[in-house]
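The lines below spell out each chain.
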There are 2 protein chains.
Amino acid sequence: MKATMKDVAKMAGVGVGSVSRVINGEHVKETTRTRVEEAIKVLDYQPDIYARGLKTNRTNTVALILPSVWHPFFAEFALSVESCLAAQNYKMYLCNSNGNAEKEREYIQMVQQNKVDGIIGITYSDIDQYISSNLPFVSIDRYFTEDVIYVTADNAAGGRLAVDELLKRRCRHLAYIGGYQETPNETKNRRKYFEIECNARQVQYDVLDMLEPLTQVNRHINEFLDAHPGIDGIFTINDDMALTVCDVLQQRGQHVPDDVQVIGFDGQRIKEQDDFLVSTIVQPVALMAQKSVDSLLAVIAGQTVDNRTVLPVAFGASWTTQPIQ
Amino acid sequence: MKATMKDVAKMAGVGVGSVSRVINGEHVKETTRTRVEEAIKVLDYQPDIYARGLKTNRTNTVALILPSVWHPFFAEFALSVESCLAAQNYKMYLCNSNGNAEKEREYIQMVQQNKVDGIIGITYSDIDQYISSNLPFVSIDRYFTEDVIYVTADNAAGGRLAVDELLKRRCRHLAYIGGYQETPNETKNRRKYFEIECNARQVQYDVLDMLEPLTQVNRHINEFLDAHPGIDGIFTINDDMALTVCDVLQQRGQHVPDDVQVIGFDGQRIKEQDDFLVSTIVQPVALMAQKSVDSLLAVIAGQTVDNRTVLPVAFGASWTTQPIQ
DNA sequence: CTGTTAGCGCTTTCAT
DNA sequence: ATGAAAGCGCTAACAG
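Keep in mind that what you see is a predicted model, and the values were worked out from it rather than measured.

## Things to note about the nonpolar core
At step 1: Among the nonpolar cores identified, the biggest contains 133 residues, and F77 and I120 of chain A together with F77 of chain B are the most heavily contacted of them.
At step 2: Core analysis: the second largest hydrophobic core is formed by 26 residues, F137 and F144 of chain A together with A63 and I65 of chain B among them.

If you want it as structure tokens, here you go:
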């Protein structure tokens, strides 16, 4: 039978209160502590999380809500978050909403029921539910209101950096290719600052921004390229899109990177610490995870934290400094 | 303030017992049920999972223990498991052991403390802890003993299939390149049945099997290829290795697939439903996840299930029917 | 500094 | 069929 606190108390010849104090690292007399610890070891006692949760309403769990974990960026982010949390003795519920607002709602309800201490969310749907859940909440990549904490990569700098890199490679006619959703989010800055930088540097550019969910992407890209035949440098909203663009280019008989340069966004790699899939603006995933967790736990602990964390991006390329095509 | 069962009972004018019965779908008089349901809706009552867990020792949570979630196969598997569980109203703890036995042990302890109802594990370390944990357990890709349930892809068929495909492509001199660990596991059958099939078909072959953790892989592969210059068809333990082999081949000036054919294992894709990264033996990830969850929940429910589930694999190639190089 | 005790919200007998 | 009551294992308030 599983040992309870009472068993430990009896064996150690103390009251349950003292056992509880030892467990929770409060101050007790040295002799008491050693006797309790001894008993704990002998009985292989482990506190019952559910009893504690019932009593305290704190559970050392955090929910991570993502739109799709298929996306390598999200997957890597999820893993980083999990390990940051584990390091602080927190557990993580992985909630995969599939970009479905209904599912997201279900999850919020589910995790409230499970008394998570807080939520980290990459969400492109409504915020009200998060607010109303009254739970500490950190948003990734999306700005809501002043008082919602969020952490994001520096998408603006990324957009500028892409222009810079493209120009370094002697491109004359740039393009942005991406997809977007109605709801505002930080990734829109990739396009916005790409355009701002193009204007500042007085370089010709065109934009293809498609409303999601994406359909007939290849056809649209083809038409876009037909309409603007001079394009020799392309910045895409993410690495997935970059790969798609590379595909289309190849089918059109244009060679990457000799004829056209392509830069993605995210920093996807095939294997850990391996080459990037395409030239790309790399998001500091691990850092973003760490920051999110730190902020969330700080809020949970009742501290005040910066509402806004913007993390630097970098240019990354595979060993050839060229997209694998 | 959050409503409790007592509040509901009072509002409905019944005892808490009846509320509990309604919640748990037991039989109650029709009028009682409707009054309770009404009160539940009005008060927005949600049962407290922790109180219930304390009382019943069942928690509707399952732990998934993986060696590394960076590996795309594991990542996809994790997602599938999560969604199968969610469909059955179960939550999942994601436990990322990093192939570290110590971390694995910690996790087991952690999840026992959290009263998970069962464990699904891809583990290459000791089993004793799982056994001793006395929790329903489903092993992926690894056979322990007769009474431990496991589900796996048909690695044997995969090994044979690789030989078959390679011969179809007129290869004359095959090779297996892989890594291995001391502990036995199902993936060793990839090599074993590759060899068996080679022998049966009387085709020349060589083997490079490296002890993990892998170091200086490229050098070893180079030396291996130097030592066996005639090799024109390679089967690797997984897609990662296939990519590495493609790299090495390219650096040696050998062209894939014109000079050498390469077939991996797993079925990694860059994007969901997109082309495979390399020609490969595809594991039915979603099916494996479904089967694991079904088996585990069956055991939890006290039913008896097949201890051994072997799921079919298939040959898969990118649209060019050639590895992207 | 420490033992005792009252619940946390739920399920589950036990009467009724 | 259902209300009353015990108690799951823990924490925290209180009294000493």
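We are not done yet, so read on.
## With respect to the pattern of salt bridges
Residues and elements named next belong to chain B.
At step 1: Going through the model one piece at a time under the given rule, you end up with 26 salt bridges over all chains.
At step 2: Taking the shortest distance from any N to any O, the salt bridge between D209 and R191 comes out at 2.8 Å. Separated by 18 residues along the polypeptide, D209 in strand β7 (residues 204-211) and R191 in helix α9 (residues 188-201) bring together distant segments of the chain.
At step 3: R191 gets classed as partly exposed once you look at its relative accessible area, which sits at 27%.
At step 4: A salt bridge links R219 to E223; the nearest nitrogen and oxygen atoms lie 2.6 Å apart.

## Observations regarding the pairing of strand β3 (residues 118-121) of chain A
Residues and elements named next belong to chain A.
At step 1: Neither face of β3 is open: one carries G118 and I120, the other I119 and G121, and all of them are buried.
At step 2: Pairing geometry for strand β1 (residues 61-66) and β3, over 4 bridges, is parallel. By the bridge assignment, L64 is partnered in β3 with I120.
At step 3: Pairing between β3 and strand β4 (residues 137-140): 3 bridges, direction parallel. Each bridged residue has a counterpart across the sheet, and for I120 the counterpart in β4 is V138.

## Structural notes on the protein's contact with DNA strand C
At step 1: Close to DNA strand C lie 26 residues, the nearest being S18, H27 and T32 of chain A together with M5 and Y45 of chain B.
At step 2: When atoms of DNA strand C within 4 Å of the protein are split into backbone and base, the sugar-phosphate part holds 58%.
At step 3: Contacts to DNA strand C include G15 of chain A, whose backbone N or O atom sits 2.9 Å from a phosphate oxygen.
At step 4: The set of elements that each furnish at least two residues to the surface near DNA strand C consists of α2 (16-23) and α4 (49-56) of chain A together with α2 (16-23) and α4 (49-56) of chain B.

## Topic: the confidence of the model for chain A
At step 1: Across chain A, the average pLDDT comes to 89, with 93% of residues at 70 or higher.
At step 2: Note on residues 319-325 of chain A: pLDDT is under 50 here. Beyond four places in sequence and across chains, it has 22 contacts.

## Quick word on the relation of the copies chain B and chain A
At step 1: Each copy superposes on the other: chain B lies on chain A with an RMSD of 0.2 Å after a rotation of 180° and an axial shift of 0.1 Å. Look at the turn and shift together and you get a two-fold axis relating the two. Of the C-alpha atoms belonging to chain B, the one lying closest to the rotation axis is found on Y50 of chain B, 2.5 Å away.
At step 2: Most of the interface of chain B is mirrored in chain A: 100% of its interface residues are interface residues there too.

## Some thoughts on the protein's contact with DNA strand D
At step 1: The immediate surroundings of DNA strand D are formed by 26 residues, with M5 and Y45 of chain A together with G15, S18 and T32 of chain B found nearest.
At step 2: When the atoms of DNA strand D within 4 Å of the protein are sorted by group, sugar and phosphate make up 60%.
At step 3: Contacts to DNA strand D include R52 of chain A, whose side-chain N or O atom sits 2.7 Å from a phosphate oxygen.
At step 4: Between DNA strand D and T32 of chain B, the relevant distance is 2.3 Å, taken from a phosphate oxygen to a side-chain nitrogen or oxygen of the residue.

## Overview of the UniProt feature "domain: HTH lacI-type" (unreviewed entry) in chain A
At step 1: The UniProt feature table records "domain: HTH lacI-type" (unreviewed entry) at residues 3-56 of chain A.
At step 2: Counted over residues 3-56 of chain A, helix gives 70% and strand 0%. Its end C-alpha atoms are 21 Å apart.

## Focus: the environment of C95 of chain A
At step 1: Its location among the elements puts C95 of chain A in strand β2 (residues 91-96).
At step 2: Once residues lying within four places of it in the same chain are set aside, the contact partners of C95 of chain A are A63, L64, I65, L66, Y107 and V111 of chain A together with E82 of chain B.

## Examining the packing of aromatic side chains
At step 1: Scanning the model with the defined rule gives 16 aromatic pairs over all chains in all.
At step 2: With a centroid separation of 6.2 Å and an interplanar angle of 50°, the aromatic rings of F235 of chain B and F265 of chain B are classed as tilted. Of the two residues, F235 of chain B is situated in strand β8 (residues 233-236) and F265 of chain B in strand β9 (residues 261-266); the sequence distance between them amounts to 30 residues. Comparing F235 of chain B with F265 of chain B shows no difference in burial state: the two are buried.
At step 3: What links up through ring pairs into an aromatic cluster is the set Y176, F194, Y205, F235 and F265 of chain A.

## Looking at the sheet that holds strand β12 (residues 314-316) of chain A
Sheets are built from strands that pair by backbone hydrogen bonding, the pairs being arranged parallel or antiparallel.
Residue and element names in this part refer to chain A.
At step 1: An order of β7-β6-β8-β9-β10-β12 is seen for the 6 strands of this open sheet, with the pairing classed as mixed. On the outer flanks of this sheet lie β7 (204-211) and β12, each paired with one strand and no other. Shown here is a sheet whose adjacent strand axes are inclined to one another by a mean of 25°, direction ignored.
At step 2: In the sheet, strand β8 (residues 233-236) pairs with strand β9 (residues 261-266) via 3 bridges, with the strands oriented parallel. Following the sheet pairing, F235 is matched in β9 by I263.

## Looking at the interface of chain B and chain A
At step 1: Opposite the 41 residues of chain B that make contact, chain A presents 41 residues.
At step 2: At the surface where chain B touches chain A, the tally comes to 2 salt bridges.
At step 3: For D48 of chain A, the salt bridge goes to K115 of chain B, with nearest N and O atoms at 2.7 Å.
At step 4: Our count for the contact surface shared by chain B and chain A stands at 7 residue pairs in polar contact (both at pLDDT 80 or more).
At step 5: Looking at the side of chain B that touches chain A, the elements with two or more residues in it are α4, α5 (72-87), β2 (91-96), α6 (101-113) and α11 (239-251) of chain B.
At step 6: A per-element tally of the side of chain B that touches chain A places β2 of chain B first, with 6 residues.
At step 7: By residue class, the composition of the side of chain B that touches chain A is 21 nonpolar, 11 polar and 9 charged.

Conventions used here
- Residues numbered from 1 in each chain as written.
- Chains lettered and ligands numbered in written order.
- Predicted model: local features only at pLDDT ≥ 70, side-chain atom pairs only at ≥ 80, totals over all residues.
- Heavy atoms only, no water.
- Core = buried A, V, L, I, M, F, W, Y, C linked by side-chain atoms within 4.5 Å.
- Buried < 20%, exposed > 50% of the residue type's maximum accessible area, 1.4 Å probe, protein only.
- Salt bridge = Lys/Arg side-chain N within 4 Å of Asp/Glu carboxyl O.
- Helix = DSSP H or I, 4+ residues; strand = E, 2+ residues; numbered from the N terminus.
- Pairing = 2+ DSSP bridges.
- Near = heavy atom within 4 Å.
- Polar contact = N/O pair within 3.5 Å; in protein donor to acceptor, adjacent residues only side chain to side chain.
- pLDDT = per-residue confidence, 0-100.
- Contact = heavy atoms within 4.5 Å.
- Least-squares fit on C-alpha atoms with pLDDT ≥ 70 in both.
- UniProt positions renumbered as here; feature names shortened; annotations may be inferred.
- Phe/Tyr/Trp six-rings, centres within 6.5 Å; stacked < 30°, edge-to-face > 60°.
- Axes fitted to C-alpha atoms, helices over the stretch in contact; angles between N-to-C directions.
- Nonpolar A, V, L, I, M, F, W, Y, C, P; charged D, E, K, R; others polar.

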